[in-house]
Amino acid sequence: MTSRLTLLGILRRSLLHRRARSLSALVAMTVSAAVATALLTLYADLDAKLHKEFRGFGANVVLTAPTGSSLPEDALSTVQQAAGKDAAAAEFAYAVATTDTGTPVVVAGIDFAAVRRLDSWWQVDHWPNPSDSNAALLGQRAANFIGNEHQVTLTYAARNITLNAAGRIQTGGDEDSRIYMPLDAFTAWTGVKPSVIELQVPGSAARIDKVMTRLRQDLPGMKVSAVRQLVEGESKIVDRTHALMYGAVLLIALTVAVSVLATLSASVLERRRDFALMKALGGSQGQLMRIFLLEAVALALAGVAAGYVAGSAAAWAISEGNFHTASLPRLSVLPLVLLLNLAIASLAALLPARVLRGLQPAALLKGE
Amino acid sequence: MFFRLLLESFRRQRRRKLLAGIAILLGTTAVTAMLALATTIGDRIHKELAVYGANIVVYPKADLLDVKIGGVDVKPASGGAYLKESDLDKLKTIFWANNITGVSPEFRMAGMMLVRNTTTGGPFDPRVIWHWNDPRMTGFGAFPVTAVGYWFQHRFGTLVTGAPQLHPWWQLQGRWPVERGITPTHGESAQEIVLGAALAKRLGLHIGDWISMGNEFEGDVVGIVTTGDVTEQQILYPLDATYGILPVGTDGKPVDEAPIDISRVDISARTKPEDAFARVNPDTLSPQKREIWYCRPYANSIAYQIREAIPGAQAEQVRRVEQSEGNVLSRISGLMWLISAAALLAAGFAVSAAMATAILERRGEIGLMRSLGASKGSIALLFYAETGLLAIFAGALGYLLGSGLAAWLGARIFAGDGGAAEAILIPVLLPVVVALALVVAIAGSTPSIRAALKMDPSAILRADA
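What counts, and where the lines are drawn
Residues numbered from 1 in each chain as written. Chains lettered and ligands numbered in written order. Predicted model: local features only at pLDDT ≥ 70, side-chain atom pairs only at ≥ 80, totals over all residues. Contact = placed C-beta atoms within 7 Å. Helix = DSSP H or I, 4+ residues; strand = E, 2+ residues; numbered from the N terminus. Nonpolar A, V, L, I, M, F, W, Y, C, P; charged D, E, K, R; others polar. Buried ≥ 20, exposed ≤ 12 C-beta atoms within 10 Å, placed from the backbone. pLDDT = per-residue confidence, 0-100. Axes fitted to C-alpha atoms, helices over the stretch in contact; angles between N-to-C directions. Parallel < 35°, antiparallel > 145°, perpendicular 65-115°, else oblique. Left-handed = near helix turned anticlockwise from the far one by under 90°.

Quick look at the interface of chain A and chain B now. With 58 residues of chain A at the interface, the matching set in chain B holds 56 residues. At the level of secondary structure, the elements contributing two or more residues to the side of chain A that touches chain B comprise α2 (19-53), β2 (88-98), β3 (104-110), β10 (223-226), α7 (228-269) and α9 (285-323) of chain A. If you tally residues by element for the side of chain A that touches chain B, the top one is α7(A), at 22 residues. For the side of chain A that touches chain B, the per-class residue count stands at 28 nonpolar, 22 polar and eight charged.

Residues and elements named next belong to chain B. Looking at where G404 falls in the secondary structure, it is placed in helix α11 (residues 376-413). Taking the number of C-beta atoms within 10 Å as the measure of exposure, G404 has 17 and is therefore partly exposed. A C-alpha to C-alpha distance of 9.9 Å links G404 and A36, two positions 368 residues apart in sequence.

Taken residue by residue, chain A gives an average pLDDT of 83. The fraction at 70 or more is 95%. For chain A, helix α1 (residues 2-17) of chain A is the element with the lowest average pLDDT, namely 68, and strand β8 (residues 178-182) of chain A is the one with the highest, namely 92.

Next up on the list: the packing of α11(B) against helix α12 (residues 429-454) of chain B. Any two packed helices are characterised by the angle at which their axes cross and by the distance between the axes. Residues and elements named next belong to chain B. The contact between α11 and α12 brings their axes to 8 Å, and the two run at 150 degrees. Taken together, the axes of α11 and α12 are roughly antiparallel relative to one another. For the pair α11 and α12, the crossing hand works out as right-handed. Residues of the contact of α11 with α12, tallied by class, amount to 20 nonpolar, five polar and one charged.

One can find B:L195 in strand β11 (residues 189-196). Taking the C-alpha atoms as reference points, B:L195 and B:A343, 148 residues apart in sequence, are found 52 Å from one another.

Okay, structure coming up:
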C-alpha cells in the first residue's frame, strides 16, 4: 500500500517537476491520438459518404413491365419496401402522342416531386407547381416541334389535351425529346398506367444485388435490370478511394507514431541521471521500469482524451468542408486509438529502459 | 573551425542525428506521397469515371424527334438529317481537341427486318436480314431488328477509339470486328460483325456463324456482346460497311440513306468540373469574359466549340454523366488534399518535436561552447546549419522515397487501367518538400535553441556534471 502511494507520489512529482518536458510529451501524444481519431472517423464514414455522392447519377436499377402491360397498382410501395427507406424511386408511364405540328413525341407521366429527388442531374429552369394538374415540362428538343408553347395541345388516340408549359428540361439525353406531365392527368387522358419504375439504391454492389433479388421475388413477371455502368463504376471508385485512404491512414499513422516514439524515448534517455540515482538509492530494475511505464501511460491516457476531442472535431470539419455533411464523433474508434497510443507509450518507455539497464549507476553519477 | 565543428557533430553524434533525420525523412516521405497522389488523383478518377461513357453527345441539328422509350425506337425514323463521317475530322481542330479522349460515331439502321417466307409460313430464317425498304421484301413477313454501325479500334488522329472505348461496361465474348472487308464465302462482300446477346440467343446464332444482310452482304459473327440495355437486341457492324448493308434499288443505287452517314456521335473529353461560370450563356458575356469561358475545358465550352466546328451539328453535354462526375471528382480530390494537409500538419509537428528534443539534449554542449567564449550568434548559426543540412539531406531522400511510395500505391490501387503504373516523379514537389522540411525543422529547433542560449552556461554545466 505504502509502496503504491510512493509510486504515485514519484509519478506526480516527476510530471510536475519537469513541466516543459511533460508538456511536450503530452502534446506529442495528443497529436498522435488526434490524427488517429480524425483519420479513423473519416475512414469509417467514407463509404457511406462516397455512395451518397454517387446518388447524383440517378437510378441504378430499372424495373420494367413486359411490353404492352403495366405494373401492378401497388408496385411502387412494394419497390420502396424492398429497397429500404433511403432509396429513391419514381414511376414513369409512356405514350407516343402527336403535337400540334403533327410530330410524334414521347409523352411521359411522372410524379414531379419523386423524379426531382431521383434525377437531380436534370436541368430544369422551372419545376411545375405540384397542384397544377396540367403543367408540363418540355424537353429542349421537343420544344422545337411544338407550335404554341403556352398552350401545348397533344393528341393521343384522337383525344386532345392542352397543357401549360411550366418549364424546359435539358439533359443531353433522351429526356430532351420528351414531354413530361403529371401522372394522374396522363392516365386520365391516355388510360396508360406506369410501366417503368426507376430506383436509386444507395450502397454497395452487394446491396443492389440483394434488392434486385428481392424485387424479382416480390414482383414476378417484371424485368429487373441494373444500370450496369453505374453499379460497376460506383463500386470500383468507392473501392479504390477506400484503398487510397487506407494507405494514407497507415502512412500518416506510421509517421506520427515513429516521431512520437523518438520524442518520448529521447525524454526518457535524457533522464539517465534520475535513473542512476534511484538505482543507487536501492530501486530495483522492475520498480524503475514501472515508474517509467506508468508515467508514459499516464501521458498517453491524457493524450488520448484530448486527442479524441480534437480529432473528432477535425474529422467533423473535414467532412463538413468537403462533403457538406457532418461526420459525428464515433466512440467505436476510441479503443483502437487508445490501444495505438498505449502501444507507442509503452514502447517509448521500455526501449530506452532496456538500454539503461546495463549502465553502472556509480559510473553515471560520477559523470564518466 | 565552423566547418570542422559542423562535420564533427555529424560524425560523432550519429544516434542523435539519426533520430532527427528519421523524423524528417518519414515526414517528407508521407507529405511527398500524399501530395503526389493528390495531384494525380483527378486524372486517375477521371479514367475510372470513363465507365460512365460519353460526356458530350453530338447529333444532327435538324433531326426528327427521337421517339424512344427505354432506348427502343418506337417509331423508326426514316430519312432525316445526318452528319458526315468526314466532318468528324474537324473535331481535331477545335481549341480543346487534345482533351478529347474518345470518339464513337454511330449509324442506326432501325429498319432492318428478319425475314419470314410467308408462302411457306416457315419460321424466321435467322440468316436473312434485309432492310425494310428492300425490293425483295414484298411478300415476306418480317420482324424488325436494329443494326448499328460503329467504329471499332478506329484510328482517329493519335487516338485508337470507337464503341468499345466509349462503352467500357459492354462485356464481349469473342472479339471486336476488324474494320476491313474479309474474304466472302457466302455473299458478294463480307464483314465481321458482333451480335447482341439477346438477339444471338433468339436467332440461335453463335460465334463463327454468318448472316446474310441487305445487298448480298455477308456478316460473320466474331463476337457476342452483353450490355444490359437494348444493344443486346441489335446487330453491331463496322460503320464503313454501311454501304454493303443498304438495299439497292432497280437503278443500282442505294435506295435509302447515303452511305457512312452518322446519326449520333459520343465523345468523351477531359473536362473541368462545372461551376457557376460554366453555366452562363457565352453569347451574353463581354468579349474578354467570353474568351476566358472559351478557353476553359468545361463540357459546355467544348460542346460550344464542336457546334462551331461542325455545321449542322448540335452538341450537348450529357448532364447525367457530366454533372455528377464533376461532383465525385472534386469530392475525392478534395478529400485527398485535406488528408495531405493533415499529413503535412502531423509531419510538421513530428519533425519540430524531434528537432526540439535533439537540441534540448545538447544543452551541455551549448553551455560548454558559451563558457569557452563562443558568441550566441555563432552557436545559433552552427545549430541552424546542422539543422539545415539535415533537413535538405533527409528531405531530398524523403522526396525520392515518397515519390516511389506514391507510384507503388497508385499502381496497386489503380491497377489495370493502363498507364496507371507510370512513375510519379513530380519535379515541382522537390523544392516544395525540401523547403517545407527546412522551415519546419528550423521553426521546431528555434524555441529550444533560444531557451538553451538564454540559460546561464555555468548552470547548464553544473546540472550536467
